[in-house]
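Residues per chain are reported as follows:
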Amino acid sequence: MARILITSALPYINGIKHLGNLVGSQLPADLYARYNRARGHEVMFICATDEHGTPAELAAAKADKPVADYCAELHDVQAKIAADFRLSFDHFGRSSSPQNHALTQHFAGQLADNGLIEEVSDKQVYSVADGRFLPDRYIEGTCPNCGHEGARGDQCDECTKQLSPTDLIDPYSTISGSKDLEVRETKHLFLRQSKLRNDLDAWISAKTDWPILTTSIAKKWLHDGDGLRDRGITRDLDWGVPVKRGTADWPGMEGKVFYVWFDAPIEYIGATAEWAETQGLEDDAWQRWWRTDKGADDVRYVQFMGKDNVPFHTLSFPATIMGSNEPWKLVDYIKSFNYLNYDGGQFSTSKGRGVFMDQALSLLPSDYWRWWLLSHAPENSDAEFTWENFQASVNKDLADVLGNFASRVTKFCRSKFGEVVPEGGTYGDAEQALVDTLTTRIKTYGDHMDAMEVRKSAAELRAIWVAGNEYLQAAAPWSAIKTDPEAAAASIRLSLNLIRLYAVLSSPFIPDASADLLAAMNTTDDSWPTDVTAALQTLPAGHAFTVPEVSFAKITDAQREEWQEKFAGTRD
RNA sequence: GGGCCUGUAGCUCAGUUGGUUAGAGCAGAGCGCUCAUAACGCUUUUGUCGCAGGUUCGAGUCCUGCCGGGCCUACCA
């Protein structure tokens, strides 16, 4: 039994995430977590809300709530939706937790002790009306290059020129619209990750089995221009982890907090500590996942994230870990994803374009979304969600191939033998051929899942479902029943066991339907098949079952058109 | 501007270190079955592998150039 630590990139706190966010990190991480649990491994699956930073403060202000209250509320909202999507986190934490505060301050202290923190005085734009320093992109004005009037302080979208806020003509705050801006001097801590460049480069270069997407982004940052640059890790904000050097005050840093991108990945550790607390366990319970001197040596640590998160997970966070000079667990594998687009354009949180997690669940059960999203995961390039494709895929795969199989077998059995596994007959060549096919395919399925090849796993699972229909067609118990009832009984006995097997194999993708099928088969045996012949004898003759409800109702053309219309515009 | 990814059947995608007649699912066509959510099974049509050169006995695969799509470019997170 292996021990596997799985983290999903932290969803930001300022609202409900869309399907593109979901498929880029949380959902594939859940697939991997469920699969490894099913294989009998010890899994720690961690996620949390990322709660600090300017957008959180502004969202709270807009909602007219104290930021702490706002984050607490949105955390609960996100936790509820995650649970409804059957994301099986062992703990869904908060980056604002006391554990993360302490850990973040601890890491900063270690880094400072090791000469990896530098104090840098910088000039930043301060908005008097807003009473805060503004990140570059919260300042807009006229582009000095092309004259575009809506240029942001970091870049002009019109001519794509890189800008500094002070370059802008007639700059104003995008928060208040105020032009009462001034440049103020402010001091910040910088992580001297440039000093770790060679270590990081060697580490990344050794990861030859990582997705190209992951390593190419890391190498770009390592080698671009003068190489990896140092990074500011503090901000002038109220909401966040106060800057401290371990437990001691940090002279000159009063009133400042750590930058959200410094404390967010540390929350992977913090959330595991939160988990221990909620379980009433001591520190060693979480440290055995994270400290190689306390049992984490044999842990395999896998991270899931969208490509936008890759630089922080390949460089900044490892620099924090390495630079601490303490035996913290470094990531072993980073699975990164491209973006999912929506019907010809991008999903957009700010523009409310696309389908959001809560809306999705108001239309259909989570399994529909899980199946489509995972079987179309944007692994090699950006992928696109269209309602036509969604309808066609879900109807065919889930309703016709899998759902109908369970339906035709159980209903036939009920009408001919009653709701009990029939006895009699023996297995022959057709059954052996099926076993051989399944043995091969289940092995392939497992290999793809181990490799986190999400689309290929889905395709193989589907092929396993198809094998059942092929067998049934060849065995044709509806014909056999007339001349050789024993043969029909044997086919149906096998097919009923096949339903149970499908429920087990499918559970990482579609946990609710799998649970329903197991319940209908009146069994709690969800053990992963190692010997297919044995697995297909789990339900013995005489075992009672019930005909399951229709697992997957089809999406009608009318529904599809209605949803297409409904989500074409923007979210209220 | 620079870097990276990508372009394969009508659609969504596989194609290992270059090696025979380029594959899968869906859609289309034909046949079969009738237990089942008009579901299932079998058979089957379609490709100048973005374009143009080059290397090679041999290129979807390697090299160069061009065209199209996308992402990143360090103060959004």
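Check the entry above for the structure.
In this report, we go over the structure that sits alongside the text. Remember, it's a predicted structure, so these values are computed and weren't measured experimentally.

This paragraph deals with the sheet that holds strand β7 (residues 151–152). Ordered in space as β7-β6-β8, the three strands form an open sheet in which the pairing is antiparallel. Edge positions in the open sheet fall to β7 and β8 (169–173), since each of these has one partner strand only.

So, about the nonpolar core. By size, the foremost hydrophobic cluster in this structure holds 162 residues, and its most contacted members are Leu19, Trp369, Trp387, Phe390, Leu438 and Phe509. With twelve residues, helix α12 (residues 387–416) is the single largest residue contributor to this core. With residues up to four places along the chain from it excluded, the contact list for Leu438 reads Ile464, Ala467, Leu498, Leu501, Val532 and Leu536.

This part is about the sheet that holds strand β19 (residues 383–385). If you walk across this open sheet you meet the three strands as β18-β17-β19, and the pairing is mixed. The open sheet has two free edges, formed respectively by β18 (345–346) and β19, since each of these has just one partner strand. Note: strand β17 (residues 340–342) against β18, two bridges, orientation antiparallel. Considered in β18, the bridge of Tyr342 is made with Gly345.

Right, let's talk about the pattern of salt bridges for a bit. Evaluated as defined, the whole model comprises 31 salt bridges. Two residues, Lys80 and Asp84, come together in a salt bridge whose shortest N-O distance is 2.7 Å. Taken together, the residues span about one helical turn, with Lys80 and Asp84 both in helix α3 (residues 67–84) at a distance of four residues. Of the charged contacts in the structure, one is a salt bridge between Lys123 and Glu185, with a shortest N-O distance of 3.5 Å.

What follows deals with the protein's contact with RNA strand B. As a matter of local geometry, RNA strand B sits amid 55 residues, with Gln124, Arg137, Gln346, Asp382 and Asn404 nearest to it. Contacts to RNA strand B include Asn380, whose side-chain N or O atom sits 2.4 Å from a phosphate oxygen. At the level of secondary structure, the elements contributing two or more residues to the surface near RNA strand B comprise α2 (54–62), β4 (117–127), α6 (212–223), α7 (260–278), α12, α14 (454–475) and α15 (477–483). Sorting elements by how many residues they give to the surface near RNA strand B places α12 first, with ten residues. Residue classes in the surface near RNA strand B are distributed as 16 nonpolar, 17 polar and 22 charged.

Buried residues dominate strand β1 (residues 3–8), accounting for six of its six residues. Alternating positions in β1 separate into two faces, Arg3, Leu5 and Thr7 on one and Ile4, Ile6 and Ser8 on the other, with burial throughout. With six bridges joining them, β1 and strand β15 (residues 299–306) adopt parallel strand pairing. Each bridged residue has a counterpart across the sheet, and for Leu5 the counterpart in β15 is Tyr301. The sheet contact formed by β1 and strand β2 (residues 42–49) spans five bridges and is parallel. When the sheet's bridge partners are listed, Ile6 is paired in β2 with Phe45. What joins β1 to β2 is helix α1 (residues 19–38), and the crossover it makes is right-handed.

Turning our attention to the packing of aromatic side chains. By the definition in use, this model includes 29 aromatic pairs. Grouped by ring-pair contacts, the aromatic residues Tyr342, Phe347, Trp369, Trp372, Phe385, Trp387, Phe390, Trp563 and Phe567 constitute a single cluster. Just above the ring of Tyr126 sits the side chain of Arg184; from NZ or CZ to the centre is 3.6 Å.

Criteria and cut-off values
- Sequence positions are assigned chain by chain, starting from 1 and proceeding in written order.
- Here every chain gets a letter starting at A, and every ligand a number starting at 1, in the order they are written.
- Only residues with pLDDT of 70 or above have their local features reported here, since the model is predicted, and side-chain atom pairs are shown and tallied only from 80 upward, although totals for entire chains, interfaces and linings are computed over all residues.
- With hydrogens and water stripped out, all remaining heavy atoms of the structure feed into the side-chain values.
- Pairing between strands requires that DSSP locate at least two bridges from one strand to the other.
- Comment: elements are numbered from the N terminus, with helices defined as DSSP H or I runs of at least four residues and strands as E runs of at least two.
- As used here, the term nonpolar core means buried Ala, Val, Leu, Ile, Met, Phe, Trp, Tyr and Cys residues forming a set that is joined through side-chain atoms within 4.5 Å.
- Think of it in three bands: residues with accessible area under 20% of the maximum for their type are buried, residues over 50% are exposed, and the middle band is partly exposed, with areas taken using a 1.4 Å probe on protein chains only.
- Any pair of residues with heavy atoms lying within 4.5 Å of one another is described as a contacting pair.
- Throughout this description, the term salt bridge denotes a Lys or Arg side-chain nitrogen within 4 Å of a carboxyl oxygen of Asp or Glu.
- Distances are taken per atom, and a residue is near a molecule or strand as soon as one of its heavy atoms is within 4 Å of it.
- Nitrogen and oxygen atoms within 3.5 Å of one another constitute a polar contact, given that in protein one can donate a hydrogen and the other can accept it, and given that sequence-neighbouring residues count only through two side-chain atoms.
- Asp, Glu, Lys and Arg are counted as charged, while Ala, Val, Leu, Ile, Met, Phe, Trp, Tyr, Cys and Pro are counted as nonpolar; the rest, among them Gly, fall into the polar class.
- A crossover counts as right-handed when, viewed with the strands pointing away from the observer, the path leading from the first strand over the helix to the second turns clockwise.
- Any pair of Phe, Tyr and Trp rings, taking the six-membered ring for Trp, is counted once the centres come within 6.5 Å. Such a pair is stacked with planes under 30 degrees apart, edge-to-face with planes over 60 apart, and tilted for the rest.
- A positively charged side chain is recorded as over a ring if its NZ (Lys) or CZ (Arg) lies within 6 Å of the ring centre. The angle to the ring normal must also be within 35 degrees.

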